[in-house]
There are 2 protein chains.
Amino acid sequence: MKPVKVGICGLGTVGSGTVNVLTNNAQDIARRAGREIIIGQVGARRDNPACDTSGMDVSRDIFAVAKNPEIDIVVELIGGYDVARELVLTAIEHGKHVVTANKALIAVHGDEIFAAAEAKGVSVMYEAGVAGGIPIIKAVREGLAANRINWLAGIINGTGNFILTEMRDKGRDFDDVLKEAQQLGYAEADPTFDVEGIDAAHKLTILSSIAYGIPLQFERCYTEGIGNITPDDVEYAEELGYRIKHLGVSCRSENGIDLRVHPTMIPVARPIATVDGVLNAVMVNGDAVGDTLYVGAGAGAGPTASAVVADVVDLARAIDAPASARVNHLAFNQIDDVSVLPMEEVETAYYLRIEALDKAGVLANVASILSERGINIEAIIQKEPKDEDKMAQIILLTHRIVEKTMNEAIAEIEALASTVGQVTRIRVEHLN
Amino acid sequence: MKPVKVGICGLGTVGSGTVNVLTNNAQDIARRAGREIIIGQVGARRDNPACDTSGMDVSRDIFAVAKNPEIDIVVELIGGYDVARELVLTAIEHGKHVVTANKALIAVHGDEIFAAAEAKGVSVMYEAGVAGGIPIIKAVREGLAANRINWLAGIINGTGNFILTEMRDKGRDFDDVLKEAQQLGYAEADPTFDVEGIDAAHKLTILSSIAYGIPLQFERCYTEGIGNITPDDVEYAEELGYRIKHLGVSCRSENGIDLRVHPTMIPVARPIATVDGVLNAVMVNGDAVGDTLYVGAGAGAGPTASAVVADVVDLARAIDAPASARVNHLAFNQIDDVSVLPMEEVETAYYLRIEALDKAGVLANVASILSERGINIEAIIQKEPKDEDKMAQIILLTHRIVEKTMNEAIAEIEALASTVGQVTRIRVEHLN
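In this report, we go over the structure that sits alongside the text. Numbering of residues begins from 1 in every chain and follows the order in which that chain's sequence is written. Chains and ligands are labelled sequentially in the order written, the chains with letters from A and the ligands with numbers from 1. Note on the predicted model: pLDDT of at least 70 is required for a residue's local features to be given, and 80 or more for side-chain atom pairs to be given and counted; whole-chain, interface and lining totals, by contrast, use all residues. Hydrogen atoms and water are omitted, and side-chain values are computed over all heavy atoms in the structure.

**Things to note about a nonpolar patch on the surface**
Argument step 1. To count toward a patch, a residue needs a relative accessible area over 30% and no salt bridge; like charges are then connected within 9 Å, while nonpolar side chains (Val, Leu, Ile, Met, Phe, Trp, Tyr) are connected within 5 Å. Residue burial considers only the protein chains on display, and all accessible areas are found by Shrake-Rupley using a 1.4 Å probe. Think of a salt bridge as a Lys or Arg side-chain nitrogen and an Asp or Glu carboxyl oxygen that are within 4 Å of each other. Where nonpolar side chains cluster on the molecular surface, the patch consists of A:L184, A:Y186 and A:V278 and spans about 250 Å² of accessible area.
Argument step 2. A helix here means a DSSP run of H or I that spans at least four residues, while a strand means a run of E at least two residues long, and both kinds are numbered starting from the N terminus. Among the structural elements, A:Y186 can be located in the loop between α8 (174–183) and α9 (192–195).

**As for empty space enclosed by the protein**
Argument step 1. We place a 1 Å grid over just the protein atoms. Points where a 1.4 Å probe fits but has no way out form a cavity, open points with protein on both sides within 12 Å along at least 5 of 7 lines form a pocket, and any residue with an atom within 4 Å of a point lines it. Grid points are joined across faces, edges and corners, and a volume is the space filled by probe spheres set on the points. Evaluation of the coordinates by the stated rule reveals six cavities of 30 Å³ or more.
Argument step 2. Counted as a void, the largest cavity has a volume near 350 Å³.
Argument step 3. A:E142, A:R317, A:A325, B:E142 and B:A325 are, among the 21 residues lining the largest cavity, the residues nearest its centre.
Argument step 4. Sorting the residues of the lining of the largest cavity by element identifies α6 (136–143) and α12 (301–317) of chain A together with α6 (136–143) and α12 (301–317) of chain B as the ones contributing at least two each.
Argument step 5. All amino acids are sorted into three groups, where Ala, Val, Leu, Ile, Met, Phe, Trp, Tyr, Cys and Pro are nonpolar, Asp, Glu, Lys and Arg are charged, and the leftover types, Gly among them, are polar. Here the residues of the lining of the largest cavity sort into ten nonpolar, no polar and eleven charged.

**Quick word on the pairing of strand β18 (residues 419–428) of chain B**
Each regular strand carries side chains that alternate between the two faces of the sheet.
Residue and element names in this part refer to chain B.
Argument step 1. Pairing of strand β11 (residues 260–267) with β18 involves two bridges; the strand directions are parallel. In the strand pairing of β18, T264 is matched with R427.
Argument step 2. Here, any two strands with at least 2 DSSP bridges between them count as paired. With seven bridges joining them, strand β14 (residues 347–356) and β18 adopt antiparallel strand pairing. Residue pairing in the sheet places L352 in a bridge with R425 of β18.

**A word on helix α4 (residues 82–93) of chain B**
Residue and element names in this part refer to chain B.
Argument step 1. With twelve residues, α4 should cover 16 Å at 1.5 Å per step; its first-to-last C-alpha distance of 16 Å lies within 8% of that length.
Argument step 2. Of all the residues in α4, the buried ones are A84, L87, V88, L89, T90, A91 and I92.
Argument step 3. Working rule for contacts: check all heavy atoms of both residues, and any pair within 4.5 Å makes them a contact. Contact partners of the buried residues in α4: β1 (4–9), α3 (62–67), β4 (73–76), β5 (97–100), α5 (103–120) and β6 (124–125). What a helix should span is 1.5 Å times the count of its residues minus one. Only protein chains enter the area calculation, which uses a 1.4 Å probe; residues under 20% of their type maximum are buried, those over 50% are exposed, and those in between are partly exposed.

**Things to note about unusual backbone geometry**
Argument step 1. Located in the positive-phi region is B:A131, a residue other than glycine, with phi close to 60°.
Argument step 2. Tracing the chain through its elements places B:A131 in the loop between β6 and α6.

**A look at the relation of the copies chain A and chain B**
Argument step 1. Residues reaching a pLDDT of at least 70 in both copies supply the C-alpha atoms on which the copies are superposed by least squares. Superposition of chain A onto chain B requires a rotation of 180° combined with a translation of 0.0 Å along the rotation axis, giving an RMSD of 0.0 Å. Look at the turn and shift together and you get a two-fold axis relating the two. In terms of proximity to the rotation axis, the leading residue of chain A is A:Y294, whose C-alpha is 2.4 Å off the axis.
Argument step 2. An overlap of 98% is found between the interface residues of chain A and their copies at the interface of chain B, pointing to a shared contact surface.

**Quick word on the sheet that holds strand β2 (residues 37–43) of chain A**
Residue and element names in this part refer to chain A.
Argument step 1. With parallel pairing, the six strands of this open sheet are ordered in space as β3-β2-β1-β4-β5-β6. Of all the strands in the sheet, the pair left with one neighbour each is β3 (58–59) and β6 (124–125).
Argument step 2. Of the strand pairs in this sheet, strand β4 (residues 73–76) and strand β5 (residues 97–100) are connected by four bridges, and their pairing is parallel. For E76, the partnering residue across the bridge sits in β5 and is T100.
Argument step 3. Those strands touched by helix α4 (residues 82–93) are β1 (4–9), β4, β5 and β6, and its axis lies near 175° from that of β4. Lines fitted to C-alpha atoms define the axes here, with helix axes fitted over just the stretch in contact, and angles between the N-to-C directions of these axes take values from 0 to 180 degrees.

Rendered as structure tokens:
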């Protein structure tokens, strides 16, 4: 069969990794795809010593690749929004399939891009956009196709997981570990995307759409970063049998579908709680299959290239087949116009840490504030001041309650004369 | 588009689960497949109260389903070898695609069945045969298609994992837990398939073929059961930072490919070590992606039906496409005629437990026996006799060495006048 020609746009970490995988494993890849997969052209503003493009057709103009009549599949690895969007739409317009690792692009412009692709009868694949090398898009979109998905939850930002792991293992504080992560190259100079949960929100947006068949709604995803987690919280969580992870969570309930990224306490006994360092992990619960868990590297040249090339192989195998033979962009051929719930309507359990002047009095007040709102307490720990200038701390675990009610309770607790400063709130999920 | 008609043969646990999933989730499944999937006929010797087949065309002759000109996909859920093989070959002969949950059939007769299917231009899918609801066949065959797979290792028999988990958590012994597993319905009346590793060997055989593109070689898979594991071994493993799991392991090295199911000590810190009870888990290491891990329910009506129906959806989506658009049966379109290594040539690390009359003397002798063969010792624990009629025990962890050399060393240790009975040997894998 005729070889399939791939055009690779972008030669950064992932681009050079993709060139290397396609080159080094060419023979096995051809045996899997049923035909040769050839790098027909590379588009990059500059070379990258991490990969050898000698003998390849290299253009300094990525749009030349998108328009090249010889190319069957355009691989977008330049990142960002505007140029990437234009590149992908140009490639589609020229009848090419597209593979991208760009979660921000898909989460924000996916609906537009998929509509253009469907009009042209081509596919846009994005396995590499979520959880790096873990084939989680394929698992949710195809492997669990029999299921009504109930919920999913994931550690989908390696930088955040590295920071929380270091805080737990070594009792270090957030700022200190963030600095190290930046030195190690895990975190960007501007770490906002990672530690504020924006990157995770992009990925969660995509996962929830293919899980439930709903539109991409990045703008409705609640995000909260890990910058306020203290070593105390990490320690108390462990004491209570929990671990703090920066989780993307999406559940379907009678009220609707929620979509949120926030620090989350999960039971230590769950295998996902042991996923440490820069690893990623996603749990998916379906009505037939129950819980499933997927773990692997969420970033890096090799893992991301692994996902990019898997998409290329899928496309190459079915490149002569009608478009209906390929999987739907968002898993379903009809998308339900369901809106994501506002955070105020989401129900979770809570960990609260309250700084108190007068422990005994506070506890009675807090208990009555919670009880008035039907919030049940699951566990209480009281901590003496660690040194003279610190307050006593009251730590509570509550049963599940809607966020709105908890917001009111917290406001009232903070207004007590006997409490100091803000109440720390960490949401608790049992993942079952 | 025209609905796809499925014929379900067998109405046991998995058959009734499959009917229920196809019925209950019909609407979502149609949105995913791009067309309706209808149960065109059911073949079963008797009804099953766990599912409602009223209104369905039910035949007492499963072969009528395989020959029914209305049926597009035949789902074989009767189990066993001979009748299942005949049923599948009949369905293929009549131009039907086949979905099966029968690992024994695929591991033993897969090459014959796939050849027949390829001659007819139809596909035989078997996701449900390995690790129940975990989409591991899809992950290895498609999700990791970019990779040269280096090794894989899995907890792929839930009964065995349940027994080992109970032994560890409660200090119980093997026979005691096995009896309970039988009462709970986890283990068959004849537990040989589960606890001797035969069921796991079927699954491992399939996984290794799709990982490396080699023929199915069930007859060359080494199997060793968990019946000889004692509570002492479980305890000493923990003390050394390891956990005992009944693992299927297959590695590719310079010497060749190995294929083996045996009790295995793995580091406690690995997430797979925390996969307990009846859960299954598979680790796959690829050259680009590194380590990946997949966890979920390995058996049961819902999880197995989830995998069966995922295969049905994949087939339904591409049913009008040319055969080349579907994934190769064993992942590769050319199979390398590589033979699996004999166990004697396999290299692993070892845990040895030696019962000794005279500790001091034995240790010197053992150390010299190992050292003469280039076997390095990683750790030693000595245990005093637990009560008067017990022996002292010497526990050793060794570095990696080929099995043949270890066999010789063990024979010599057992021949020492100062040791008693057989040396217990548990293979150790670090999974990295």
